[in-house]
Structures are given as structure tokens and as C-alpha cells.
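# Observations on the three-dimensional arrangement
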Amino acid sequence: MANKVEVKELLEAGVHFGHMTRKWDPNMAPYIYMERNGIHIINLYKTAAKIEEANEALKKIAASGRKVLFVATKKQAKDIVAEKAAAANMPYITERWPGGMLTNFVTIRKAVKKMASIDKMKKDGTFMTLSKKERLQVDRLRAKLEKNLGSIADMTRLPAALFVVDIKAEHIAVKEAQKLNIPVFAMVDTNSDPRQVDFVIPANDDASKSIDKVLSLVSGAIIEGLSDRKSDKDEQPAGEVAAAQTEATTSTEE
């Protein structure tokens with residue numbers, strides 16, 4: 001079981017602050033505790049339970065060796081997401097979402113390969129045979145590709161899941177995932193429709209402290225899943241050796 005989530009920590013990080021009541025989505029009603037000064041307050045006991053549920057599923061995905069793609073392009077979330085996703089060795093999109101990122105993955109992979117071929121040119125010296133103008137153009141293209149796609153360079157196949165901060169801001173990403181039946185995990189604020197998400201984490205998706213807290217817990221579960229995978233792999237050869245020895249002993253006795 002993934003680590004227990006403390007409600008007190010969520011409270012200190014301001015995860016409970018929702019949007020103004022007039023901006024609410026009625027489908028978030030089950031996750032709202034009360035209204036205070038015209039602002040909806042999220043029920044943190046439900047948030048804690050939902051984080052634990054999401055963490056359990058994310059841990060399993062990581063342990064199976066598949067990838068979770070993190071998506072957050074809003075200012076207060078992008079640096080946090082880049083840091084936490086990188087620490088968990090997962091791909092992320094924090095610049096503009098490239099349309100067709102999932103539904104037209106083959107084209108995206110071609111762009112990533114283009115980046116790799118430019119790097120190869122630089123290594124083998126081909127780059128220096130180009131004219132100054134051509135080198136400048138290639139450098140510009142490389143920088144643009146790196147900015148938009150650098151963080152998904154190692155993603156050779158479609159992700160097993162998406163983790164989204166603010167489903168309103170990332171509605172295109174959510175739609176693409178739905179089209180391909182890729183499960184969506186997301187921080188969902190009181191102004192969004194939770195029905196679009198497979199694993200809802202009711203939370204303040206605007207404040208960096210709140211985003212940081214939730215992302216720390218989520219990335220921690222993924223790291224745990226990866227470490228379980230590694231220890232399983234390490235144990236396997238030892239188990240195989242023991243089995244081979246047993247077999248050899250048995251055949252000698254016969």
C-alpha cells in the first residue's frame with residue numbers, strides 16, 4: 001500500500017482552497033466541504049483518500065515499466081511538474097501542448113528522431129560542413145524541438161497514463177487521452193468537471209504550494225513503484241540461479 005496521506009499536510013499547503021462559488025462546477029459537489037467568504041472549501045479527507053487511490057494505481061504502472069506523461073503548461077505549475085517528473089524519470093510537457101501529441105504520436109516521434117539526428121551530426125562532424133547560415137537554421141530548429149519535445153525524447157511509445165494539473169487549461173490533452181482510452185489522473189479544482197477524469201484528485205490547482213504538495217506525493221508513489229520493479233529484477237537472476245542449482249542437484253542424485 002502506498003504511504004498514508006496526512007490531511008494536516010494538505011491543509012498546511014492550502015490544497016483545500018477552491019474557486020469562488022459562482023465559478024463552480026456542480027459535478028464537484030461531492031468533494032466540497034463548505035463555503036467560506038464566497039469561496040468553496042474542498043473536503044481534504046476525500047482528497048487524501050483520492051490521492052492514496054491514485055498513488056496505488058500509479059505505483060502499479062511504474063512497477064510494470066510503463067510511462068506516465070505529466071502535463072502542466074500553466075506558469076505556477078510548470079517548474080514543479082518538470083522537477084517532480086524528472087525525479088521520477090517520467091516524461092512531461094510543460095510548454096505548449098503539441099496538438100496530436102497522442103493521437104498523432106508517429107509524427108511526434110519523427111520530430112524527436114530529427115532532434116537525435118541533429119545531435120549525431122554534431123558528434124560526427126557533419127554539422128561543421130554546413131554553411132554558417134545552415135548551421136544557424138539547424139541550431140534554431142534543435143532549440144525549438146528541445147523546448148517543446150526534449151522532455152519526451154525517451155518516450156518511445158504512448159504513455160500508460162496522463163497526470164494533469166488543471167484539466168481546463170489542458171483540455172486538448174485530456175480529449176486526446178480520452179480518444180485513445182488512456183487513463184487520466186488529475187488535480188481537479190472546484191471550477192472543473194471531474195467526470196472527464198479517471199482518477200480525480202480534488203485540489204487547489206492554482207497555488208504552487210498546493211501543486212507541489214500533491215506532486216510530491218504522486219511522484220513519491222511512482223518512485224516507489226520503480227524501486228519495486230528494480231528489486232524484482234534483481235531478485236529474478238538470483239532465483240534463476242537457485243532453481244538451476246536445485247535442478248542440477250536433482251539430476252545428479254537420479
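What counts and what doesn't
- By convention here, each chain's residues receive numbers from 1 onward along its written sequence.
- Only residues with pLDDT of 70 or above have their local features reported here, since the model is predicted, and side-chain atom pairs are shown and tallied only from 80 upward, although totals for entire chains, interfaces and linings are computed over all residues.
- Here the side-chain values reflect all heavy atoms present in the structure, with hydrogen atoms and water set aside.
- UniProt positions are given in the numbering used here, feature names are shortened, and annotations may be inferred rather than shown by experiment.
- For each residue, the accessible area found with a 1.4 Å probe, counting protein chains only, is set against the maximum for its type, and the residue is called buried under 20%, exposed over 50%, and partly exposed in between.
- Secondary structure elements follow DSSP: runs of H or I no shorter than four residues count as helices, runs of E no shorter than two count as strands, and numbering proceeds from the N terminus.
- Two strands pair if DSSP finds at least two bridges between them.
- Call a crossover right-handed when, viewed with both strands pointing away from you, the route from the first strand across the helix to the second goes clockwise.
- Grouping buried Ala, Val, Leu, Ile, Met, Phe, Trp, Tyr and Cys residues that are joined through side-chain atoms within 4.5 Å yields what is termed a nonpolar core.
- By definition in these notes, contact holds between two residues if any of their heavy atoms fall within 4.5 Å.
- Side-chain rings of Phe, Tyr and Trp (the six-membered ring for Trp) are treated as a pair once their centres are within 6.5 Å; stacked means planes under 30 degrees apart, edge-to-face means over 60, and tilted covers the remaining angles.
- For a lysine, the NZ atom is tested; for an arginine, the CZ atom; a charge sits over a ring if that atom is within 6 Å of the ring centre and within 35 degrees of the ring normal.
- Salt bridges are defined as contacts in which a side-chain nitrogen from Lys or Arg sits within 4 Å of a carboxyl oxygen from Asp or Glu.
- Convention adopted: a line fitted to C-alpha atoms gives each axis, helices being fitted over their contacting stretch, and angles between N-to-C directions are expressed from 0 to 180 degrees.
- In this scheme, roughly parallel covers angles under 35 degrees and roughly antiparallel covers those over 145, while 65 to 115 is roughly perpendicular and the rest are oblique.
- By convention the crossing between two helices is left-handed if the near helix lies anticlockwise of the far one by an angle smaller than a right angle, and right-handed if it lies clockwise.
- Amino acids outside the nonpolar list (Ala, Val, Leu, Ile, Met, Phe, Trp, Tyr, Cys, Pro) and the charged list (Asp, Glu, Lys, Arg) are all regarded as polar, and Gly is one of them.
- Domain ranges listed in this record stem from an automatic or a database domain assignment.

The protein has the name Small ribosomal subunit protein uS2 in an unreviewed UniProt entry, where Flavobacterium limnosediminis JC2902 is given as its organism. Listed in UniProt under the heading Sequence similarities (unreviewed entry), the comment for the protein reads: "Belongs to the universal ribosomal protein uS2 family."

### As for the pairing of strand E7 (residues 184–188)
Extensive coverage of E7 is indicated by the burial of five of its five residues. The alternating pattern of E7 places Val184, Ala186 and Val188 on one face and Phe185 and Met187 on the opposite face, and all of these are buried. Relative to E7, strand E6 (residues 161–165) runs parallel, the two being bridged by four bridges. Across the sheet, Leu162 pairs through a bridge with Val184, a residue of E7. Viewed along the sheet, the connection from E6 through helix H6 (residues 171–179) into E7 turns out right-handed. Relative to strand E8 (residues 199–202), E7 runs parallel, the two sharing four bridges. Its bridge partner lying in E8, Ala186 is registered against Val200.

### What to know about the nonpolar core
Membership of the largest hydrophobic core comes to 37 residues, with the highest contact counts inside it found for Phe70, Phe163, Val165, Val214, Leu215 and Ile222. Looking at this core, the elements that each hand over two or more residues are helix H1 (7–12), helix H2 (44–63), strand E4 (68–71), helix H3 (75–87), E6, E7 and helix H7 (208–253). Among the elements that line this core, the one with the most residues is H2, at eight residues. Not counting chain neighbours up to four residues away, the residues in contact with Val165 comprise Val71, Ala72, Lys74, Ala77, Val81, Glu170, Met187, Asp205, Ile211 and Leu215. Listed in part, the 29 residues of the second largest apolar core include Ile93, Val164, Ile167 and Val197.

### Some points on the packing of aromatic side chains
With the rule as written, the count across this model stands at two aromatic pairs. Summarising the aromatic geometry, the rings of Phe185 and Phe199 are spaced 4.2 Å apart at their centres and angled 5 degrees between planes, so their arrangement reads as stacked. Of the two residues, Phe185 sits in strand E7 while Phe199 sits in strand E8, which places them 14 residues apart along the sequence. On the accessibility criterion, Phe199 (22% relative accessible area) is partly exposed. Cation over ring: Lys122 sits above Phe127, and NZ or CZ is 4.9 Å from the ring centre.

### Some points on the pattern of salt bridges
For the structure on display, the rule yields 16 salt bridges. With its nearest N and O atoms 2.7 Å apart, the salt bridge here joins Lys74 to Asp166. Highlighted residues: Lys74 in the loop between E4 and H3 and Asp166 in the loop between E6 and H6, separated in sequence by 92 residues. Its salt-bridge partner being Lys74, residue Asp206 comes within 2.9 Å of it at the nearest N-O pair. Placement of the pair is Asp206 in the loop between E8 and H7 and Lys74 in the loop between E4 and H3, with a sequence separation of 132 residues. Shared partners join several salt bridges into a network, and the residues in it are Lys74, Asp166, Asp205 and Asp206.

### Concerning the packing of helix H4 (residues 105–124) against helix H5 (residues 132–149)
At a minimum axis separation of 10 Å, H4 and H5 run at an interaxial angle of 135 degrees. When the axis of H4 is compared with that of H5, the two are oblique. The crossing of H4 and H5 is left-handed. Residue-level inspection shows Ile108, Ala111, Val112, Lys114, Met115, Ile118, Asp119 and Lys122 of H4 in contact with H5, the latter providing Val138, Asp139, Leu141, Arg142, Leu145, Glu146 and Leu149. A per-class count over the contact of H4 with H5 returns nine nonpolar, no polar and six charged.

### Overview of the domain arrangement of the protein
Segmenting the protein into domains produces domain 1 (4–99 + 158–232) and domain 2 (103–156). When each unit is reduced to the centre of its C-alpha atoms, the spacing between domain 1 and domain 2 is 31 Å. Every contact between the two is made by eleven residues of domain 1 and, on the other side, nine residues of domain 2. For the pair domain 1 and domain 2, the number of links is zero salt bridges.

### Observations regarding unusual backbone geometry
Phi is positive for Asp166, close to 75 degrees, though the residue is something other than glycine. Take Asp166: its relative accessible area is 10%, and that puts it in the buried class. We note that Asn181 has phi near 55 degrees; this positive angle belongs to a residue other than glycine. Secondary-structure assignment places Asn181 in the loop between H6 and E7. For Asn181, a relative accessible area of 70% gives the class exposed.

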